[in-house]
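# Residue-level structural notes
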Amino acid sequence: MDRQSITNPTVLGGMSANVSPVIADLINAAIDARATLVDLKHETAYRLFNGFSEGLPTLVLDIYAGALVIHDYAETTNEEQVGLILSVVRDRLPWITSAVLKPRQSGDADVRSGRVILGSEADLPRKIRENGVAYALDLLLNRDASFYIDTRGLRAWAKENLAGKRVLNTFAYTGSLGVAARAAPCRQVVATDLNKRFLNQAKDSYSLNGFPIQRADFVAGDFFEVVARLKRRNELFDCVFLDPPFYQEGMKGLINKLRPLVAHEGWLVVVNNALFISGREHMDMMEGLCGDGYMKVERIIAVPQDCVGYSANSAMVWPKDPSPFNHPTKIAVLRVTRRASE
């Protein structure tokens, strides 16, 4: 349940707002399963509880350094239940010093962005550290808390594979994929997003890591206009990231827009977050595009297990089967070969 807009929780096996204290048992079990993710300095980020697969479909809990973020997907927030959740988590993780509640079904964008329910806004962490890289945080930036936990494996791939490469990060949001690539270190990252505020947070992450900031590498603008401009300049990149909001134009069209910008033997990394598009449907679309022999699906990158969930008591049934991916956030690395005439 990352990034997808879930407008009808009952589709996901929804539940009444009045949940019995069995919630304590479910959360305690989830904490036990994630014991190895707790770092001594409490600097990292991970999913503490995925209710969809672990017994409470309207609840997701995330840890960002010393903060707890409660994603409430119920139609109406049960404040008593929120208090119980906070009590259970703090009893087990007493180093939690702040908490944010995000009512994901609210019709008010400001409400969806969250409110502080433990500590004050000044107490919220401003950064996390993952795989040796620092990332700026703004937990109240919008409903998604400014950093996607589910793409941890892709950030690791970027850091491991993009040394010396030139990278384009489209729909960059707060730029975490580009920051990971910059840590490789890659030669250059061009990050583009419609929202300049998001890109400014990417710059904050650069500053945290001591990376030089080149203003021309942060391009605020419409995806199609930016891509068209890059094509006119005959720009080529060794790796292009495509991670759009799922409600954008069909993924096939976006891939075709970006493919000409990928250098020979370069990578086009595709992230599809659509909850109601099956993994098979998505894979068939990409394999269809590979039919000309100039592109192939090189590998799938799994979503980390803390995001998938650890429940051993009930079979996880997503609205659409994500297989061959392990989660509705479907991550694929495509290798692109350019024609001799290109």
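The structure contained in this document is the topic of the report that follows. What you see is a predicted model, and the numbers here were worked out from it, not measured in a lab.

Moving on, we get to the overall build of the protein. Helices and strands together make up the secondary structure of the protein, namely eleven helices and 14 strands. Relative to a compact globule of 342 residues, whose C-alpha radius of gyration would be 20 Å, the protein shows 20 Å and is just as compact. Each of the three principal axes of the protein carries a C-alpha extent, and together these read 65 × 40 × 35 Å. For the protein, with 342 residues in total, the buried portion stands at 55%. Working note: accessible area of the protein is about 14400 Å², and carbon and sulfur atoms make up 49% of it. Distance from the positive charge centre (40 side chains) to the negative charge centre (39 side chains) of the protein: 7 Å.

So, on to the pairing of strand 2 (residues 59-64). In terms of residue burial, strand 2 counts as a mostly covered element, since six of its six residues are buried. Where burial is concerned, the two faces of strand 2 agree: the one with Leu59, Leu61 and Ile63 and the one with Val60, Asp62 and Tyr64 are both buried. Bridging between strand 2 and strand 3 (residues 67-72) involves six bridges; their strand directions are antiparallel. Residue Asp62 lies in a different strand from strand 3, and its bridge partner there is Val69. The antiparallel pairing of strand 2 with strand 3 creates a hairpin that spans two residues between the two strands, and Ala65 there sits at a positive phi of about 55 degrees.

With mixed pairing, the seven strands of this open sheet are ordered in space as 10-9-8-11-12-14-13. Strand pairing shows two members of the sheet lacking a second neighbour, strand 10 (218-220) and strand 13 (295-301), which therefore form its edges. Along the sheet, successive strands turn relative to each other by an average axial angle of 15 degrees, direction set aside. Docked against the sheet, helix 7 (residues 196-209) engages strand 9 (188-193) and strand 10, running at close to 170 degrees with respect to strand 10.

With respect to the helices and strands, Asp217 occurs in the loop between helix 7 and strand 10. Salt bridges are absent for the buried Asp217, whose nearest opposite-charge side chain, Arg166, sits at 6.6 Å. In terms of polar contacts, Asp217 uses its side chain to reach the side chain of Gln188, at 2.8 Å. Setting aside chain neighbours within four positions, we find Asp217 in contact with Gln188, Val189, Val190 and Ala191.

Glancing now at the environment of Ala172. Following the sequence through the fold, Ala172 ends up in the loop between strand 8 (166-170) and helix 6 (176-182). A relative accessible area of 8% places Ala172 in the buried class. Distance from Ala172 to Thr192, taken between C-alpha atoms, is 5.7 Å for residues 20 residues apart in sequence. Once you skip the residues sitting within four places of it in the chain, Ala172 turns out to touch Ala191, Thr192, Asp193 and Leu199.

We now examine the pairing of strand 1 (residues 45-50). With six of its six residues buried, strand 1 lies for the most part within the structure. Where strand 1 meets strand 2, five bridges bridge the pair, whose relative direction is antiparallel. Paired with Phe49 across the two strands is Leu61, which belongs to strand 2.

Each neighbour pair has its own omega, and for Ala184 with Pro185 the value is 5 degrees, a cis peptide bond. Take Pro185: it is sitting in the loop between helix 6 and strand 9. With an omega dihedral of 15 degrees, the bond running from Ser323 to Pro324 counts as a cis peptide bond. Mapped onto the elements of the fold, Pro324 is located in the loop between helix 11 (305-308) and strand 14 (330-336). Of note in this structure, Ala65 is not a glycine but carries a positive phi near 55 degrees.

Here the focus is the pattern of salt bridges. For side chains of opposite charge, pairing can occur when their charged atoms come near one another. A full pass over the atoms with the stated rule returns 17 salt bridges. One salt bridge in this structure joins Arg233 and Glu235, with 3.1 Å as the shortest N-O distance. Classification of Arg233 as partly exposed rests on a relative accessible area of 49%. For Glu235, a relative accessible area of 17% puts it in the buried group. Within this structure, Glu130, Arg152, Arg155 and Asp306 form a network of salt bridges that share partners.

What counts, and where the lines are drawn
Residues numbered from 1 in each chain as written. Predicted model: local features only at pLDDT ≥ 70, side-chain atom pairs only at ≥ 80, totals over all residues. Heavy atoms only, no water. Helix = DSSP H or I, 4+ residues; strand = E, 2+ residues; numbered from the N terminus. Rg over C-alpha atoms; globule rule 2.2 N^0.38 Å. Buried < 20%, exposed > 50% of the residue type's maximum accessible area, 1.4 Å probe, protein only. Areas by Shrake-Rupley, 256 points an atom, 1.4 Å probe, with all protein chains shown as cover. Lys, Arg positive; Asp, Glu negative; His and termini not counted. Charge placed at Lys NZ, Arg CZ, Asp CG, Glu CD. Pairing = 2+ DSSP bridges. Axes fitted to C-alpha atoms, helices over the stretch in contact; angles between N-to-C directions. Contact = heavy atoms within 4.5 Å. Salt bridge = Lys/Arg side-chain N within 4 Å of Asp/Glu carboxyl O. Polar contact = N/O pair within 3.5 Å; in protein donor to acceptor, adjacent residues only side chain to side chain.

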